[in-house]
Each structure stands twice: as structure tokens, then as C-alpha cells.
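# Structural characterization, general
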Amino acid sequence: MTALVRFRLAGFLRTGRALAPVMAGLLTLGILYGGGRAQPAEAYGVSAVVLFPVLAWQTKILLDVEPDVQRRLALVAVGPAREQAAGLVAAVVAGLGLVAVALVFPWLVGGVAGPSLPGDLSVPAGVALGLWAHLLALPAAVALGALASRVITRSAGYGVAVLTLGTVGVLALGFSGAVAPWLAPPLLPTARALVGPLPGSTALLLTVWALAWAAVVLTGYARVRTRRA
Amino acid sequence: MWLEDIGLRYHRRGPWVLRQVTARVAAGEAVVVRGRNGAGKSTLLQLAAGVLRPSRGRVLDRPAVVGWVPERFPADQPFTVDGYLAAMARIASLSPATTERTVQRWVDRLGLGPFRTVRLAQLSKGTAQKVGLAQAVLRPPGLLVLDEPWEGLDAAARELVPQVIDEVLADGGSVLVSDHRGETVRLPGAREWSVADGAVVERAPSGEAAVAVVELEVPVGQLPTTVARLRAEGHHILRVRGPGAPPEATGPGAESASEVAR
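Turning to the packing of aromatic side chains, a few remarks are in order. All names here are of chain A. Using the criterion set out here, one finds four aromatic pairs over all chains in the structure. Between Y33 and F105 the ring centres are 6.3 Å apart and the planes differ by 45°, which places this aromatic pair in the tilted class. With a gap of 72 residues between them, Y33 in helix 2 (residues 19-33) and F105 in helix 5 (residues 80-109) connect regions that are remote in the sequence. According to the relative accessible area criterion, Y33 is buried, its value standing at 6%. The exposure class assigned to F105 is buried, which follows from its relative accessible area of 14%.

By the secondary structure assignment, A190(B) is in the loop between strand 7 (174-178) and strand 8 (191-196). Separated by 152 residues in sequence, A190(B) and G38(B) have C-alpha atoms that sit 23 Å apart.

Before going further, it helps to spend a moment on empty space enclosed by the protein. All chains considered together, the criterion is met by two cavities of 30 Å³ or more. Volume-wise, the largest cavity comes out at about 180 Å³. As for the largest cavity, its lining consists of 23 residues, of which R8(A), L62(A), L63(A), V65(A) and E66(A) are closest to the centre. Elements with a minimum of two residues in the lining of the largest cavity: helix 1 (2-14), helix 3 (40-65), helix 5, helix 7 (150-153) and helix 10 (200-225) of chain A. Grouping the amino acids of the lining of the largest cavity by side-chain chemistry returns ten nonpolar, five polar and eight charged. Every residue lining the second largest cavity is listed: E148(B), P149(B), W150(B), E151(B), D179(B), R181(B) and E183(B).

All names here are of chain A. In this structure, Y221 sits in helix 10. Residue Y221 is classed as buried on the basis of its relative accessible area of 4%. C-alpha separation for the pair Y221 and A143, spaced 78 residues apart in sequence, amounts to 7.8 Å. If we ignore the near neighbours within four places in the chain, the residues touching Y221 are Q84, L88, A146, L147, S149, V151 and I152.

Bringing the nonpolar core into the picture now. The biggest cluster of nonpolar side chains holds 141 residues, and the ones touching the most others in it are L44(B), Y84(B), L85(B), V131(B), L146(B), L176(B) and W193(B). The element that contributes the greatest number of residues to this core is helix 3 of chain A, accounting for 14 residues. Those residues in contact with L146(B), other than ones at most four positions away along the chain, are L45(B), V69(B), L133(B), V161(B), I165(B), V175(B), L176(B), V177(B) and S178(B). If you look at the next biggest cluster of nonpolar residues, it comprises six residues, including V218(B), L223(B), I237(B) and V240(B).

What counts and what doesn't
Throughout this document, residue positions are counted from 1 along each chain, in the order its sequence is written. By the order in which they are written, chains take letters starting at A while ligands take numbers starting at 1. Where totals are concerned, whole chains, interfaces and linings use all residues; where local detail is concerned, this predicted model gives features only for residues with pLDDT of at least 70, and gives and counts side-chain atom pairs only at 80 or more. Hydrogen atoms and water are omitted, and side-chain values are computed over all heavy atoms in the structure. Stacked, tilted and edge-to-face are the three classes assigned to paired rings of Phe, Tyr and Trp, where Trp is represented by its six-membered ring and a pair needs centres within 6.5 Å; plane angles under 30 degrees give stacked, over 60 edge-to-face, the rest tilted. Helix numbering and strand numbering both begin at the N terminus, where a helix is a DSSP run of H or I of at least 4 residues and a strand a DSSP run of E of at least 2. Only protein chains enter the accessibility calculation, which uses a 1.4 Å probe; a residue is then buried when its area is under 20% of its type maximum, exposed when over 50%, and partly exposed in between. Cavity: a set of points on a 1 Å grid over the protein atoms alone where a 1.4 Å probe fits but cannot get out. Pocket: an open set with protein on both sides within 12 Å along at least five of seven lines, its lining residues, like those of a cavity, having an atom within 4 Å of a point. Grid points are joined across faces, edges and corners, and a volume is the space filled by probe spheres set on the points. Three residue categories are used. Nonpolar comprises Ala, Val, Leu, Ile, Met, Phe, Trp, Tyr, Cys and Pro, charged comprises Asp, Glu, Lys and Arg, and polar comprises the others, including Gly. Contacts: residue pairs with any heavy atoms within 4.5 Å of one another. We define the nonpolar core as a collection of buried residues of types Ala, Val, Leu, Ile, Met, Phe, Trp, Tyr and Cys that are connected through side-chain atoms lying within 4.5 Å of one another.

The values reported here are purely geometric and, on their own, carry no functional implication.
Next comes the structure, spelled out in C-alpha cells:
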């Protein structure tokens, strides 16, 4: 399976189509950190929200770069379960690259500052919470991107619709007091939780919520894939 | 491998492309799949290869290693011939050392040498088709499925396809091959399936039902024993012709030097 993951990452990186989501990510981060200095944890919470659609879009591009027949050849070689898993793992690896950029970027442009007031988190603690926030966004984004990929949606229009719907859902259902907030991954709740001190129970709830959301969506992806090679 | 009561439709409420197909391919057996355009040949082959899952019924005892040569090789990929074949070998779990040797062997055999560093997208259709054939046999398959493998191939490569098929059969593998241009005369002894109206019908194996006439030259002295031996082996003697005998003379006792056996 590692060979297939590497093959797909190579296919994604060599076509140059990898450039589009990276540019979009940098642009978004540039706008986000253009306003001034913020505390790392708080800033990273917002960064994870704005990167969510970019990560989902990147996943869709990565999965769609491979021609349909080549995907079927891979399926014949490794079997359906590993073929699907390899695509998702490749998307996670590519996503981790973008997450790393998102974590480093604010320090390069002076978008975040170290602790200045009593009660501010230390820099390592802030970065760790930022990493956690991005790692919550990543599985959900990969799941949404997989659901928007060509093998499921079959047309570019439906693909974009799935991505848009997922992103709008994150924002529309993410405000406190929203009806049925669990229909969306908890990106805005995570961002809100990172503004003040973060209780362990809240962190655990958000983690379980994000992973469960991704698991449900990925189950849907796998079920549709049993009928669509 | 068994196809057991298989039905397939592409959409939940769509028409059945195949229905109630039951068929068997034994180890060491080749099957030619025929049918008109759109009859479901490719669908049947993809079901056998495991690309498609049947909507109904099941495929039993599919060999672990399957090679599939698609009708059109997906050349729109950012890899060179060498890079692609090496990657496919690794995906098929060959070790790095074996990968290098195997890719080298198939590149040589298929005459892909001059194209090793050429990008897939720049290959001609026939050359791309050769890459499609190579990727299917990097790991010796227990089931080789070829969808119109002769399409676009040059004369030398056309001869190679039956050789590759024979090697798979000799190793105890099974082969399914579709063909609409009559190239499968190169596969004597293959069974023949005909796909029409969603059903698969086995046609009489061309290798056994078809007959050929062989003319032999035999020394006159050995004629009776030769004729007796051929008859004993189940051959049908059509006529025996001698140097002095009239052309229509028949029978094992005739003073003839040549005979026609069937």
C-alpha cells in the first residue's frame, strides 16, 4: 500500500495541480495574519477553520488527478480496501504538508506573538494546541474531499457542490446555539475553545466529535465505492 | 474461477447489462469473449478481473494475482514508461531488486527500450497499449484479463500476445480475452463465450469442432501400418492416393504413397 500512496502523491505533485491549493492556502493565511499580532492558540484555531475548505479541495484534486482506468488498475493490483485507503492516506500526507505550512507561516510574517500578559500560554503550548486544532480539521476535510471526488460525484458540478455544502455547513452550523451542530465537524467550536483556557473534557469532546464526523462521512464514501470503481 | 448467477447494472434503477450469468474458467484454460459493440464484453471482463462488483450473484475462487489489460491504457499520467512500470511493480508488491529485473525483461520483450524515458502522454496508441500489457504481467497472474489486447499493436507485438497468454496458461493460470477482429484465431484450443442480451452462451470450442485436412507423404512399404496407426489414433482417413493408383483409390490396402487424413 505504501507504494500506491507514494505513486499517488507523485502523480499529484508532478502535474502541478498541487500548486493551486498551496497558493490558495497561502493566500488565505496571508489575509488571516495580515491584521496584526495574535496569541498563537487563538490564531491557529481560526487558521484551522479557514484551511478546512482548502484541505478538502486539495484532497479532491489529489484523488481526481489519477485517471479512472488507472484507479481501477490499482484496485486490481491491491484490492478495493487498500486502494481506497491508499488514496485517503495520500490525501492525509499531502494535508499534513499544508498543515505544517500553516503552523510555520504566522511566525514568518509576524502574525503571532509570544506571551505578553500574565495568563498567556507559552509558545510551545500555543503551537501544540494549534497543531491539535489543525489535526482535528484534517480528517474531516479529507473525508469531505473524498466525498466530493470524481469517483463519487461523477461530475465537476456535483463535486464543487459537495465541497461548498460542506464548507457552508461548517460555518452555518458552527455558531454557538446552532441547531444540530453535530451535522458539521467542530471547527468553529474548536476555534472558540482556543480563545480562553481549554478544559480537558472540552478537548476530548471536540476530538471525539471531529473523528466521529470524519468516520461517518468516510463510511459513506466506502459504501458508495463498493458500487463505483 | 466461477461466475455464479451474476447480474450487473450500473445504476440502481438502470437496465441490467448482464443477468444470470453462470460460467466457469478452469486453471490453464483460455476463454475468448465475443459479442457485438455494447453487448457487455468489457463489463464481463471487468467483473471477472474484480474491477466491478456484481449487483447480484458472486465471483468465486478468483486467483489472488490478477492482471488486467484495459481496452484503452490511461496514458494521461505524469510518469515515464520506466517510472510507471517500476511503480506498478512495487504496487504489485515486487521487491526493489525483482522490480528492476522484471521491468527490464518486459521492456526488452515488448520493444519498449527506446521509450523508457518517454512520458506516457507522449506515446503512440500502440506503444501505450504495450505498457498496458506489461503492467498486467509484471507479477505472473493467476488470471489474466485482456480487453481487445490487439488494438493498435504492430505485427511483432501481435505475435507476442498469444505467447504471453500461453505462458500464463502453462503456469496454470486462466485467461479471458475479448476480441472483435478475429485475432483470436491465434489462440487454438480456447473456449468461446458469446455475450448477447445480457447473457453469456458458450459456443462450441473452435479448436475441437473445426477440422483441418492434412496431406501426408508416406513410403509405399509403410502405408498399411501407417494407415492402421492413424485409424487407431482416431483419425479419419479421407482417401489414399498412390503413384500409379487412381486418385480416388481408398482403403488401407491400396498401393499408394500418399494419403489424406482427417
